[in-house]
Amino acid sequence: MKRTTRATRIGLWLAAVAATTMRSVVVLRSPSQAATVHRKRIGQNNYGYVRGRARLASAFAVLAPLTILPGIVMGPTPANAAANPNPSRITDASWWLMEQLLALQPGSQNGGIYANKPGYHNTRSANDPENYSVRDAEDQGGPSDKAAAYDWTFPEAQGFVGTFDAHSTEPTPPRTLAVNYGNIARFSNRLLASAKDANDPRLNGWREFFGQADSDDSVEGWDFRYGRSATSDSSHLWHIHLSEDRDKVTSLDNKKALLSVLRGETVDQWRESGSSSGVSGDFNGDNKDDVMARSATTGELWLYPGTGSFTTDAILGQPIRVGTGWSQFDLIFSGDFNRDGKSDIVGRRPSDGTLWVYPGTGSFVTDQVLSAPTRIGVGWNQFSAIFTGDFNQDGKSDVVARGAADNVLVVYPGTGALTTDAVVLPPTRVGVGWGDLGLFSSGDFNQDGKSDIVARRISDGVLLLWPGTGSLTTDRVVNPGIQVGIGWGVMNALTAGDFNQDGKSDVVVRSTTDATLWMYPGTGSLTPNQILTSPKRVGIGWGGMDRIS
């Protein structure tokens, strides 16, 4: 491939700026520069030679907070999709991914999703039947009228700063800076490493990527479908291009797998994120903890009242619907944030990174279990795990979160107020090195009134418990971990609560093999391997629930 120098790239940019004054189409590269590894099968790749005029709306448009209708609260209003600039050509899942990419690297820009040109940026129906982006079986499924490609731009890698849309002829005049490939190279190398790992399935739903993985003038890339390296034109020195299998353009899971790679997570951490963990609560004030569960197919949230019994298949009562529309949240857990004795529900909305608390009403009437929500705050997408507990014995639930980038665990003390953005205080560090852990929950396992942390170690399936100290002093919130038991790798959901009113927290888990729900009663002891006793079966058929708390 012919290499283009930095000076040439700046010249091309300036030519584009000049051309906009004549309202003309600008040819930014020659056909020879656009040749790719796909020529053998279909001729050109998805990069045409002419930039389109269409501009996307601002990539930083803020989603509106949850809209609450007057009267009975049926659960969360579905996430506002108004920010999608072209819903007729871009799926809401695709627009969600672009917003996640921009949040992942502050200062990066949306280089474009849909463009009226051959390839994945265009729809299947608008492409020639012989175009490589529509010929394979993976690209003949999914909606025919939606784009399946993403351009993620890094201005600092361009060597100048200005609003750059990969499909626009109208960039703002740039100011020249030193080229910095640090950010684009970091993400490109993570994509390459995942692509070359035969044991990493996270990019199986993606067709290709192009980007800059080092500091030279060559573009690196990978054809995920055919397992080979790829390259493209020099614009990919400053933006990463991603093509998605067309039958996956509506799939959030496919996009979450990609984001896991880009965040630098391991395969085990990604698999753990598909599990469910939470903290159970008492929603009607009867001192018997209840279980919340969300239907994976309908998004409905259900409350299973605790009976106080340890009788097989009679630990929980018949479910009551809490509300609809809960699929917009990726994390759901409970706590008592206003000290009224009625558990509240907290949910994180990944589309905009907001955290919300829905106060409990104390009622077990269908669709009246919760009242209108209060926003806890923004920016919560930076965490890979979130749960609750009372770690300073003040009766107000605190929020514990693990950083996705650094695996640091922090606790946000509860204020006792349900005031917007004032539900919790600034965080205190619990500790570092919490990356090899999942299925987090909390409870009081030794009846001392201080919340303890329980979590499963991903690498070996060991369940551990960290006793709470009652202090919110940095790195002294919990004591060293104690082994609860081995063999917990066969569980894919975990929540803790006191289900028989004895004051000792119990653990409820779901088996991966048969979706049976089991409850392990707490003993009140912190002796290793004696913290829980033999399990009781809660019930069968829990495989349809994707969140259990």
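For the structure, check the block above.
Each chain carries its own residue numbering, running from 1 in the direction its sequence is written. Local features in a predicted model are, by the rule used here, given only for residues with pLDDT of at least 70; side-chain atom pairs are given and counted only at 80 or more, and totals for whole chains, interfaces and linings are based on all residues. Processing note: side-chain calculations cover all non-hydrogen atoms of the structure and skip hydrogens and water entirely.

(A) Broad picture of the pattern of salt bridges. What makes a salt bridge here is a side-chain nitrogen of Lys or Arg within 4 Å of a carboxyl oxygen of Asp or Glu, nothing more. Scanning all chains against the criterion turns up 26 salt bridges. A salt bridge links Arg135 to Glu130; the nearest nitrogen and oxygen atoms lie 3.8 Å apart. Only protein chains enter the calculation, and the probe is 1.4 Å; a residue is then buried if its accessible area is under 20% of its type maximum, exposed if over 50%, and partly exposed in between. Relative accessible area serves as the criterion here: at 34%, Arg135 is assigned to the partly exposed category. In this structure, Asp394 engages Lys396 in a salt bridge whose closest nitrogen and oxygen atoms are separated by 3.6 Å. One network of salt bridges, in which partners are shared, links Asp136, Glu138, Asp139, Arg207, Asp223, Arg225, Arg228 and Asp245.

(B) Seen up close, the layout of surface pockets. Grid points spaced at 1 Å over the protein atoms alone were grouped into cavities, where a 1.4 Å probe fits but cannot get out, and pockets, open sets with protein on both sides within 12 Å along at least five of seven lines, with lining residues defined by an atom within 4 Å of a point. Grid points are joined across faces, edges and corners, and a volume is the space filled by probe spheres set on the points. Put simply, the second largest pocket is a space of about 750 Å³. Helix and strand assignments follow DSSP, with helices taken as H or I runs no shorter than four residues and strands as E runs no shorter than two, numbered in order from the N terminus. Of all the secondary-structure elements, those providing two or more residues to the lining of the second largest pocket are strand E13 (331-335), strand E17 (383-389), strand E21 (437-443) and strand E25 (491-497). Classifying every residue of the lining of the second largest pocket gives 2 nonpolar, 18 polar and 9 charged. By the convention adopted, Pro, Cys, Tyr, Trp, Phe, Met, Ile, Leu, Val and Ala count as nonpolar, Lys, Arg, Asp and Glu as charged, and the other residues, Gly among them, as polar.

(C) Helix H6 (residues 182-196), seen in detail. Its 15 residues place the ends of H6 21 Å apart at the C-alpha level, agreeing with the 21 Å of an ideal helix rising 1.5 Å per residue. Looking at H6, one finds that the buried residues are Asn183, Ile184, Ala185, Phe187, Ser188, Leu191, Leu192, Ser194 and Ala195. To estimate how far a helix should reach, multiply one less than its number of residues by 1.5 Å.

(D) Representation of the sheet that holds strand E18 (residues 398-403) in the model. Pairing is antiparallel across the open sheet formed by 4 strands, whose spatial order is E17-E18-E19-E20. In this open sheet, the two edge strands, each paired with only one partner strand, are E17 and strand E20 (428-431). Sheet twist, expressed as the average angle between the axes of neighbouring strands with direction ignored, equals 30°. By definition, two strands form a pair when at least two bridges between them are found by DSSP. Alignment of E17 against E18, held across 6 bridges, turns out to be antiparallel. Following the sheet pairing, Phe387 is matched in E18 by Val400. Working convention: axes come from line fits to C-alpha atoms, limited for helices to the stretch in contact. Angles between N-to-C directions cover 0 to 180 degrees.

Purely geometric stuff here, so don't read any function into it on its own.
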